[in-house]
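If you want the building blocks of each chain, they are given just below.
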Amino acid sequence: MRPRITGELPSVALLKKYPNWENALDEEGLEGQDESTLRPHPIQDSIPDDFLFTAGEVHAPSGETFNALIEIDYGAVNCVTVYSGSSPSACWSFYQSVRLDGWATDCLASFRNSSEDRTPAPIEDPTVFPLVLETRLPFGRTGEKIVVRVDSVARLPDPLPRKR
């Protein structure tokens, strides 16, 4: 049986073994699993034309390369989680924001949870942005890797409190 990951990110080692991941929503009722459970996608040699998460790299202007988990929605990049250290709390994320018509991050970036120890996205760091993200696998329809340049990321303001 292939691994299941609940409430956290797949490790870098698992991303190397299984670059494509999908939600295991049909297994939500199984012991230890919920709506956050991920499992390896059945296709592991290319990016299929559906919603999934795939391994990639982020190339910073400093020359550093970071592992990443890239959310793909029918061939388009929606969200990127960057593994900037060995611990899941060292990850930071950014995503496509309709509200800003560009890339955005929340005050504390997270993939599956909003733990207070998450690393904020380094949006002001000139050694990180602009960056280039690249999938490890080619997109099945085109046979090409998905490559996206991200010049900057904006921080979304905290939401306004609701009136009672």
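Refer to the structure presented above.
The text that follows walks through the structure, step by step, so that each part is easy to find. This is a predicted model, so every value here is computed, not measured. (Residues numbered from 1 in each chain as written. Predicted model: local features only at pLDDT ≥ 70, side-chain atom pairs only at ≥ 80, totals over all residues. Heavy atoms only, no water.)

**Looking at the pairing of strand β8 (residues 131–138)**
Pairing of strand β3 (residues 52–59) with β8, which is carried by four bridges, proceeds in the antiparallel orientation. Across the sheet, the residue bridging to Val-58 is Leu-133, located in β8. Alignment of β8 against strand β9 (residues 145–150), held across five bridges, turns out to be antiparallel. Paired with Pro-138 across the strands is Lys-145, a residue of β9. Taking the residues that link successive antiparallel strands as the turn, the β8-β9 hairpin has six residues, and the phi of Gly-143 there is positive, at about 75°. (Pairing = 2+ DSSP bridges. Helix = DSSP H or I, 4+ residues; strand = E, 2+ residues; numbered from the N terminus.)

**Quick look at unusual backbone geometry**
In this structure, Pro-130 follows Phe-129 across a cis peptide bond, with omega equal to 0°. Notably, Tyr-74 is not glycine yet its phi reads approximately 50°, a positive angle. Mapped onto the elements of the fold, Tyr-74 is located in the loop between β4 (65–73) and β5 (76–83). You will see that Asp-101, though not glycine, has its phi angle at about 55°, which is positive. Among the residues examined, Asp-101 registers a relative accessible area of 73% and is labelled exposed. (Buried < 20%, exposed > 50% of the residue type's maximum accessible area, 1.4 Å probe, protein only.)

**Things to note about the packing of aromatic side chains**
Overall, the coordinates contain six aromatic pairs when judged by the stated rule. Between the aromatic rings of Phe-94 and Trp-103, the centroid separation amounts to 5.3 Å while the plane-to-plane angle is 75°, which identifies the pairing as edge-to-face. We classify Trp-103 as buried; its relative accessible area is 12%. The exposure class of Phe-94 is buried, given its relative accessible area of 0%. Members of the aromatic cluster, each reached through a chain of ring pairs, are Trp-92, Phe-94, Trp-103 and Phe-129. (Phe/Tyr/Trp six-rings, centres within 6.5 Å; stacked < 30°, edge-to-face > 60°.)

**Considerations on the side chain of Thr-37**
The residue Thr-37 is located in the loop between β1 (20–23) and β2 (38–40) in this model. For Thr-37, a relative accessible area of 0% corresponds to the buried category. Reaching out from Thr-37, the side chain makes a polar contact with the side chain of Thr-6 at a distance of 2.7 Å. If near-sequence neighbours (up to four positions away) are discounted, Thr-37 is found in contact with Arg-4, Ile-5, Thr-6, Glu-22, Asn-23 and Ala-24. (Polar contact = N/O pair within 3.5 Å; in protein donor to acceptor, adjacent residues only side chain to side chain. Contact = heavy atoms within 4.5 Å.)

Purely geometric numbers; function is a separate question.
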